[in-house]
Amino acid sequence: SEREANDALTAHVCKGPQQHEEVCLGLFTLLLTEPPQAQRCYRDLTLVNRDGMNVVLVKINQILMEKFLKLQDVCRTQLVWLVRELVKSGVIGADGVLMTLMKQIAGGDITNKNLWLAENVLDILVEQREWVLKSGMLVAMSVYTYLRLIVDHGTQSLLALRQREVDFCIGLLRERFMECFIIGRDLVRLLQNVARIPEMELLWRDLLHNPQTLSPQFTGLLQLLTSRTSRKFLACRLTPDMETKLLFMTSRVRFGQQKRYQDWFQRQYLSTAESQSLRCDLIRYICGVVHPSNEVLSSDILPRWAIIGWLLTTCTSNVAASNAKLALFYDWLFFNPEKDSIMNIEPAILVMHHSMKPHPAITATLLDFMCRIIPHFFPPLEGQVRQGVFNSLNFIMEKRVLAHLAPLFDNPKLDRELRSMLRERFPEFCSSPSPPTEVKMEESVPLEMDNHILDKEDNCYDNTDATFSDDEEEVNNKGKKREFRFQQIKETYIDEPADITPYVDQLDETLKEKVLQLQKGSDTETQCEVMQEIVDLILEEDFESEQMSALASCLAELFKSHFRGDVLPEEITEESLEESVCKPVCLIFRNLCQMQEDNSGFSVLLDMLAELYQKQPKIGYHLLYYLKASKAAVGKMSLYESFAQATALGDLHTCLMMDMKACQEDDVRLLCYLTPSIYSEFPDETLRSGELLNMIVAVIDSTQLQELMCHVMMGNLVMFRKDSVLNILIQSLDWETFEQYSTWQLFLAHSIPLETIIPILQHLKYKEHPEALSCLLLQLRRESPTEEMVKMVLSRPCHQEDQFTTSILRHWAAKHDDQLGEHIKALLIKNNNMPRKRQSLRSSSSKLAQLTLEQMLEHLDCLRLSLSNTKNNFFTQTPILQALQHVQASCDEAHKMRFSDLFSLAEEYEDSSKPPKSRRKAPATSPRSRKGAAPPANEDDSASSSASEEEDSKPKAPKRKRKCSSAVGSDSD
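Residues numbered from 1 in each chain as written. Predicted model: local features only at pLDDT ≥ 70, side-chain atom pairs only at ≥ 80, totals over all residues. Heavy atoms only, no water.

Q: Help me understand the overall build of the protein chain in this model?
A: When helices and strands are counted, the protein chain shows 58 helices and zero strands. For the protein chain, the proportion of its 973 residues judged to be buried stands at 54%. Pairs at least 24 residues apart make up 73% of the contacts formed inside the protein chain by residues separated by at least 6 positions. Approximately 43900 Å² of the protein chain is accessible, and the part contributed by carbon and sulfur atoms is 50%. (Helix = DSSP H or I, 4+ residues; strand = E, 2+ residues; numbered from the N terminus. Buried < 20%, exposed > 50% of the residue type's maximum accessible area, 1.4 Å probe, protein only. Contact = heavy atoms within 4.5 Å. Areas by Shrake-Rupley, 256 points an atom, 1.4 Å probe, with all protein chains shown as cover.)

Q: How should the packing of aromatic side chains be read in this particular structure?
A: Aromatic rings considered in pairs are described by the distance between their centres and by the relative angle of their planes. For the structure on display, the rule yields 25 aromatic pairs. Considering the side-chain rings of F181 and F218, the 6.2 Å spacing of their centres and the 65° angle between planes classify their relative orientation as edge-to-face. A residue pair is termed long-range when its members are at least 10 positions apart, and F181 in helix α11 (residues 177-181) and F218 in the loop between α14 (211-214) and α15 (221-225) qualify at 37 residues. Residue class for F181 comes out buried when judged on its relative accessible area of 13%. Look at F218 and you get buried, because its relative accessible area is 0%. Here F390 and F429 contribute two aromatic rings whose centre-to-centre distance is 5.5 Å and whose plane-to-plane angle is 45°, an arrangement assigned as tilted. Note that F390 is positioned in helix α25 (residues 382-398) and F429 in helix α28 (residues 427-430), a separation of 39 residues in sequence. According to the relative accessible area criterion, F390 is partly exposed, its value standing at 25%. Members of the aromatic cluster, each reached through a chain of ring pairs, are W264, F265, Y269 and W310. Of note, R260 hangs over the ring of Y261, and the distance from its end group to the ring centre comes to 5.3 Å. The positively charged end of R796 is found above the aromatic ring belonging to F804, 5.4 Å away from the centroid. (Phe/Tyr/Trp six-rings, centres within 6.5 Å; stacked < 30°, edge-to-face > 60°. Lys NZ or Arg CZ within 6 Å of the ring centre and 35° of its normal.)

Q: Could you clarify how one ought to interpret the packing of helix α33 (residues 524-539) against helix α37 (residues 586-594) in this entry?
A: Packed helix pairs are characterised by how far apart their axes lie and by the angle those axes make with each other. The N-to-C vectors of α33 and α37 enclose an angle of 50°; their axes lie 9 Å apart at closest approach. One finds that α33 runs oblique with respect to α37. Along this stretch, α33 crosses α37, giving a crossing that reads as right-handed. Across the interface between the two elements, C528, M531, Q532 and V535 from α33 touch L587, I588 and N591 from α37. Here the residues of the contact of α33 with α37 sort into five nonpolar, two polar and no charged. (Axes fitted to C-alpha atoms, helices over the stretch in contact; angles between N-to-C directions. Parallel < 35°, antiparallel > 145°, perpendicular 65-115°, else oblique. Left-handed = near helix turned anticlockwise from the far one by under 90°. Nonpolar A, V, L, I, M, F, W, Y, C, P; charged D, E, K, R; others polar.)

Q: How should the pattern of salt bridges be read in this particular structure?
A: Proximity of charged atoms lets side chains of opposite charge pair with each other. Under the definition given, this model contains 43 salt bridges. Of the charged contacts in the structure, one is a salt bridge between D651 and K70, with a shortest N-O distance of 3.0 Å. With a gap of 581 residues between them, D651 in the loop between α40 (639-646) and α41 (652-666) and K70 in the loop between α4 (54-66) and α5 (73-88) connect regions that are remote in the sequence. Using a relative accessible area of 17% as the deciding quantity, one classes D651 as buried. Of the charged contacts in the structure, one is a salt bridge between K560 and E557, with a shortest N-O distance of 2.8 Å. By the burial criterion, K560 is buried, and E557 matches it. In this structure, a network of salt bridges that share partners links the residues R185, D186, R189, R284, D331 and D340. (Salt bridge = Lys/Arg side-chain N within 4 Å of Asp/Glu carboxyl O.)

Q: Can you walk me through the nonpolar core in this structure?
A: Buried together is how nonpolar side chains tend to be arranged in soluble globular proteins. Residues L147, W332, I349 and F409 are the most contacted members of the largest nonpolar core, which totals 312 residues. For this core, the leading source of residues is helix α9 (residues 136-150), giving ten residues. Residue contacts for W332: discarding those within four places in its chain leaves I345, A348, I349, M352, M370, G388, V389, S392, L393 and I396. (Core = buried A, V, L, I, M, F, W, Y, C linked by side-chain atoms within 4.5 Å.)

Q: Got a minute to help me understand the environment of Y261 in this structure?
A: Structurally, Y261 can be placed in helix α18 (residues 259-269). The buried category is assigned to Y261, whose relative accessible area is 8%. Expressed as a C-alpha distance, the spacing of Y261 and T654, which sit 393 residues apart in the sequence, is 9.8 Å. Ignoring anything within four residues of it in the chain, the contact list for Y261 reads F248, M249, V253, L649 and M658.

Q: Looking at this model, I keep getting lost on the environment of S545. Mind explaining?
A: With respect to the helices and strands, the residue S545 is situated in the loop between α33 and α34 (548-558). As a C-alpha pair, S545 and V604 span 59 residues in sequence and 8.6 Å in three-dimensional space.

Q: Explain helix α2 (residues 17-33) to me, please; I cannot follow it from the model alone.
A: Since the α-helix advances by 3.6 residues per turn, residues separated by three or four positions end up pointing in the same direction. A rise of 1.5 Å per residue sets the reference length of α2, with its 17 residues, at 24 Å; its end C-alpha atoms lie 24 Å apart and thus fit the reference within 8%. Along α2, the residues that are buried comprise H20, V23, C24, L25, L27, F28, L31 and L32. (Expected span 1.5 Å × (residues − 1).)

Q: Honestly, helix α21 (residues 304-313) in this entry has me stumped. Any pointers?
A: Burial analysis of α21 places nine of its ten residues in the buried class, the great majority of the element. Among all positions in α21, only R304, W305, A306, I307, I308, G309, W310, L311 and L312 are buried.

Q: Honestly, the packing of helix α42 (residues 668-681) against helix α45 (residues 702-713) in this entry has me stumped. Any pointers?
A: At a minimum axis distance of 11 Å, the contact between α42 and α45 shows a crossing angle of 10°. Our classification of the angle between α42 and α45 gives roughly parallel. Along the contact surface, α42 presents V668, R669, C672, T675 and P676, while α45 presents Q704, L708 and H711. Of the residues that constitute the contact of α42 with α45, the class distribution is four nonpolar, three polar and one charged.

See the structure below:
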């Protein structure tokens, strides 16, 4: 019995911590994967756990931080359900889990999944308000989160969700203002962005004129603006994935090698119009949270200012650019050297300084913003803002972030008006110790001397001068010019001999000797022999792993010509493929293929590859090529996954996408060659999203497209699967015309039923999506209509210029008139019987087109006109006439007038067929002449008619309902 089972479980968990953990995690897994059993599992979990649910809370946090993006929809829904239950039960630590869940709601993202999460977390916060109020940090964090999300939810279809968010934030701000006060100055920034919303406008009045009404301890806006925002809040608006990627870029990526990472980040998070608002969150995070150590600051790791410069160049709207600049300068406005950190203001001055040569327009716009923000930020506090900016500039000089500001403020590259404004606002910083042209020569020597002295001081910021400061960078110690760019400069290849002198001395004698032998090796065979000897040395037990990085640098330098050359042979034969993988670098791959994964040497070689990958990112797709082309690697493609986990990225999906992107940029032929095996070996990574597909269709030509279609039809390549194809095709609507046509051609080469993707019709607008509409039209033409297809076709809004629905209906009316007639009858009667309120709620997301009775009649009228001069008998079919009669009997006068010609077809049918209900026959006049007459109906009919008219006369309620449903169940799309 159930009781005995519970007793057995309880007895088992009492045996020890391991058994306790196993049972708790077993129930937790069941709960996530089997929704019907969830309630029971949760009850059992509450009965058997012995640690206040701690094991489960830790596991939920781990999933949220590391695996949330990969969860299937069912598990995602269940996880949110579980968090709600934990909150209801008042489990200690549930507030922490809820804050982690809130962190997963991405800014600048209005996809259905994200809206669903935002709405469900809001439901928990609103339903459990009393519990929320017990945690000051949760109050502040949820206000910070939802104030930020309100900005993204301004479209018509999201207004209901936005209103709930506004009500929630206003409620907490008015009742618990001092708990929200701990957010600090960024609370004002977020409130500025939503100030035009009426409720927020009233709050602003109190903030400015009646601060005491919010809290007796609150003295006014200045008190809030002088309070620095904690890192916790700045970090909470980045998802764990965004945070991991940014921290990776600022701690592991070398300056000059950032383009591929920036491109990946942009594709993933910054490619939509809505994502403009995310840039502010990223800039505030970089300024306030990413504070690199002195060691990183003085290395060649990608500096913070370069990432911010790149983010500024990706702003495409003026509002976004203006908000991004405010985010960058926000800590300057009320900067207090005693309380605030130099690290918060350093990025802005360095972006301006380093952009002067490559991007003078960026420097100019930032300097202009800095001048204008003083009087315009908040006129009553102009004096304080001026002082804050002055303090910032002074502190920058004092800490020697820049030695002088004159070369920046009085630079000939700036226009005269801006220079005079800077002189007027900041005369103290505009007087150069010598003419700007000479500063370069004079500054470099004392700055370098300063550096050697300052380096010895603990926690001193100033050693960044060595790396980032003005013009000693112009000429490096070897006389090579180094330039700063936000985008990687395209490599121009000059065949210089490999220079391994900086690294080879760090190797022990035996290894050094082999590396020098490798350098001298004239032919490939000799080099391969030496390379095998080097691999054997690495695998020896006494190999010192400290040498790994230096060895990787040597190999990257020695093999650079190999990485520049073509990988795939011109003519693909067994011999040519085998020859192409007989290169020295392939020896590492071959040794890995021959080893068992539990061999200790296996992980050592993977570490070697990971080090090499840091120095030479192309190694990733070279490994993929080897695993496909080499006979020695048959069935070993999974080895790439081990490699991906060993790299600094540590994640198969990210690593695979970056390597395929690098391959796409270097060699499209190779990309097409690898495509079939990449899709078949890594289906979860490739078929879930359109990322790889977009890379492919962006560069292939028509011949390569045809080859891929042949692969699909021969069964060698699967690029779509039923569960994700619809989402991928929806993503593709934003791609270029040829990319979209290629995507549809590849889709049509698969044997996926059209019904799977027919809901895409709800997303297609006739002016914006002609590619998808034309492909769908030709495909629908070949199909026999189903009710779902007809429903989707009729769901399209009726526009005079949009001929899509009429053309496909006309084709079906000619070829499949019986089926079409039955489906239209079923849909007309179904929609006519549905109460008007329900009609507005039917779609899972109110942004999508919906099927209404009026719309169906409009489309049928267009079809009637299109068929009027033909011999087609579609409108003489009994099902159509019966349906029109049914609708006519209960619709209002306005509709009868508007569609009188359509209904008159049914009138004539009535006359000729003499149906048994003779009361319907009495008024034989056309609806036009019966304008004032009440429609003949029995009590039921008239009741439904008056009900529908009553509904029509009160449109507000359903409208609000529809908005409310905006994100409900939107995952189903």
